[in-house]
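# Examination of the molecular architecture
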Amino acid sequence: MDQRKYILGSVIFLLVGLYFAGIAGIQFMDEKVEENMDIVFTNIAYSALFFCITVYMLHLKDEKTKRTDEK
């Protein structure tokens, strides 16, 4: 049950990260990209943050699996 929570959480964070990456890509292709670069970089930072959380949650799932296998 616990491992499904980690997988579900990582999928949710992955989708949120993809959302911010998509917004950054759309804003980067805009004609006024010079004016919006701070917003593009902010969305890239949010995307990277959520991708890192996704990887960390998958790491926690693996650690939990190791711990239960050792017992």
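Residues numbered from 1 in each chain as written. Predicted model: local features only at pLDDT ≥ 70, side-chain atom pairs only at ≥ 80, totals over all residues. Heavy atoms only, no water.

For the protein chain, the name recorded in an unreviewed UniProt entry is Protein YpmT, with Metabacillus sediminis as its organism.

## Description of the overall build of the protein chain
What counts, and what does not: Counting from the N terminus, the helices are DSSP H or I runs at least four residues long and the strands are E runs at least two residues long. Here the globule rule is a power law, 2.2 Å times the number of residues to the power 0.38, and the radius of gyration is based on C-alpha atoms. Classification of residues uses two cut-offs on accessible area relative to the type maximum, computed with a 1.4 Å probe and protein chains only: under 20% is buried, over 50% is exposed, and between them is partly exposed. Pairs of residues are marked as contacts when any of their non-hydrogen atoms sit within 4.5 Å.
A count of helices and strands for the protein chain gives 2 helices and 0 strands. Scaling as 2.2 N^0.38, a compact globule of 71 residues should have a C-alpha radius of gyration of about 11 Å, whereas the protein chain reaches 17 Å, well beyond that. Along the three orthogonal principal directions, the C-alpha set of the protein chain runs to about 60 × 15 × 10 Å. Relative to its full complement of 71 residues, the protein chain shows a buried share of 18%. Considering only residue pairs separated by 6 or more positions, the protein chain has 71% of its internal contacts joining residues 24 or more positions apart.

## Examining the UniProt feature "transmembrane region" (unreviewed entry) in the protein chain
The following threshold applies: UniProt positions are given in the numbering used here, feature names are shortened, and annotations may be inferred rather than shown by experiment.
Feature annotation in UniProt assigns "transmembrane region" (unreviewed entry) to the following positions: residues 7–28 and 40–58. Across residues 7–28 one finds 100% helix and 0% strand; the C-alpha atoms that close the span lie 31 Å apart. As annotated, residues 40–58 has a helix share of 100% and a strand share of 0%, and its two end C-alpha atoms lie 27 Å apart.

## Quick word on the packing of aromatic side chains
For any pair of aromatic rings, the description consists of the separation of the ring centres together with the inter-plane angle of the planes. Threshold: Only Phe, Tyr and Trp rings are paired, with Trp represented by its six-membered ring, and only when their centres lie within 6.5 Å; those with planes under 30 degrees apart are stacked, over 60 edge-to-face, the remainder tilted.
With the rule as written, the count across this model stands at 4 aromatic pairs. Seen in terms of ring centroids, Tyr-19 and Phe-20 are 5.6 Å apart; in terms of plane orientation they differ by 70 degrees. Their pairing is edge-to-face. Tyr-19 sits in the exposed class, given a relative accessible area of 53%. Judged by relative accessible area, Phe-20 falls into the buried class, the value being 18%. With a centroid separation of 5.2 Å and 40 degrees between ring planes, the pair formed by Phe-20 and Tyr-46 is classed as tilted. Linking Phe-20 in helix H1 (residues 2–28) with Tyr-46 in helix H2 (residues 37–70), this pair joins segments that are 26 residues apart in sequence. For Tyr-46, a relative accessible area of 40% puts it in the partly exposed group. Here the aromatic residues Phe-13, Tyr-19, Phe-20, Tyr-46 and Phe-50 are joined through ring pairs into a cluster of three or more.

## Some words on H1
Operational definition: To estimate the expected span of a helix, subtract one from its residue number and multiply by 1.5 Å.
Helix length check: H1 (27 residues) gives 39 Å between terminal C-alpha atoms against 39 Å at 1.5 Å per residue, within 8%. Next to the buried residues of H1 lie H2.

## So, the pattern of salt bridges
Threshold: Just to be clear on terms, a salt bridge is a Lys or Arg side-chain nitrogen sitting within 4 Å of an Asp or Glu carboxyl oxygen.
Evaluated as defined, the whole model comprises 2 salt bridges. The partner of Asp-62 in a salt bridge is Lys-61, and the shortest N-O contact between them spans 3.4 Å. Here Asp-62 falls in the partly exposed class, since its relative accessible area comes to 41%. Lys-61 sits in the buried class, given a relative accessible area of 18%.

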